[in-house]
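Given next are the chains, with one letter for each unit.
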Amino acid sequence: GHGMHEKVKSSKSAIAVVDLQNRLPRARVVYCSATSVSHQKNLGFMGRLGLWGPGTEHPSGFHQFLERLKKLKTGAPEIHAMHLKATGSLVARTLSYKLYVQLQSRRRHRERASHTGLQRGESGLD
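Residues numbered from 1 in each chain as written. Predicted model: local features only at pLDDT ≥ 70, side-chain atom pairs only at ≥ 80, totals over all residues. Heavy atoms only, no water.

(A) Spotlight on the overall build of the protein. Secondary structure assignment for the protein yields four helices and zero strands. When the helices and strands of the protein are placed in sequence order, the string is α-α-α-α. Looking at the protein as a whole, 24% of its 126 residues are labelled buried. Within the protein, counting contacts between residues at least 6 apart in sequence, those at least 24 apart form 42% of the total. Just so you have it, the protein exposes about 9900 Å², and 55% of that area is on carbon and sulfur atoms. (Helix = DSSP H or I, 4+ residues; strand = E, 2+ residues; numbered from the N terminus. Buried < 20%, exposed > 50% of the residue type's maximum accessible area, 1.4 Å probe, protein only. Contact = heavy atoms within 4.5 Å. Areas by Shrake-Rupley, 256 points an atom, 1.4 Å probe, with all protein chains shown as cover.)

(B) Layout of the packing of aromatic side chains. Evaluation of the coordinates by the stated rule reveals four aromatic pairs. Judged by centre distance (5.2 Å) and plane angle (40°), the rings of Trp-52 and Phe-65 are tilted. Here Trp-52, found in the loop between helix 1 (12–23) and helix 2 (62–72), pairs with Phe-65, found in helix 2; they are 13 residues apart in sequence, far enough to count as distant. The residues Trp-52 and Phe-65 share a single accessibility class, namely buried. (Phe/Tyr/Trp six-rings, centres within 6.5 Å; stacked < 30°, edge-to-face > 60°.)

(C) Fine view of the nonpolar core. Formed by 15 residues in total, the largest nonpolar core has its most connected members in Leu-43, Phe-45, Met-46, Leu-51, Trp-52, Phe-62 and Phe-65. Counting residues per element, this core draws most heavily on helix 2, which supplies four residues. (Core = buried A, V, L, I, M, F, W, Y, C linked by side-chain atoms within 4.5 Å.)

(D) Region of interest: helix 1. For helix 1, with twelve residues, the first-to-last C-alpha span of 16 Å sits near the 16 Å given by 1.5 Å per residue. Within helix 1, the full set of buried residues consists of Ala-14, Val-18 and Gln-21. Buried residues of helix 1 fall within an arc of 65° about the axis and therefore sit on the same side. Turned more than 90 degrees off the buried face of helix 1, the exposed positions are Lys-12, Ser-13, Leu-20 and Arg-23. (Expected span 1.5 Å × (residues − 1). Arc of directions from axis to C-beta.)

(E) Representation of helix 2 in the model. Here helix 2 has its buried residues at Phe-62, His-63, Phe-65, Leu-66 and Leu-69. Seen from one end, helix 2 has its buried residues packed into an arc of 160°, which puts them on one side. Looking at the buried side of helix 2, the elements it contacts are helix 3 (76–86). At the C-terminal side of helix 2, Lys-73 shows a positive phi close to 55°.

(F) Quick peek at the environment of Leu-90. Within the secondary structure, Leu-90 is located in the loop between helix 3 and helix 4 (97–119). Leu-90 gets classed as buried once you look at its relative accessible area, which sits at 18%. Along the chain, Leu-90 and Leu-49 lie 41 residues apart, while their C-alpha atoms are 9.7 Å from each other.

(G) Just the side chain of Gln-21, in detail. Tracing the backbone through its elements, the reader meets Gln-21 in helix 1. A polar contact of 2.3 Å, which involves the side chain of Gln-21, links it to the side chain of Tyr-31. Excluding its chain neighbours within four sequence positions, the residues that come into contact with Gln-21 are Val-29, Tyr-31, Phe-45 and Arg-48. (Polar contact = N/O pair within 3.5 Å; in protein donor to acceptor, adjacent residues only side chain to side chain.)

In structure tokens:
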């Protein structure tokens, strides 16, 4: 995204996504993030949403977009999330705690089975 690196520290993943988007300007993308709406600073790699850059209200880039949200203060993140959902740009889902427990239980079962096999001398590398 335009202006992403100005004052917002970027993760290695975000930098890699921006690089990939720059290399493949015509590719379609689907962004996945656990924190993008709750922490707008994490939207920086999502330049193709069209929220900042040339032809938008924030032509200078992501930093300008982020500063505008900060100036709006209370309610701005929620309104922003509602806008993204209304335009089909955001789909938010929550994993239930029950599903989380089930997934953890399966993982632990696989780990125990693997550990037991190693104790018996089964390498699984046949």
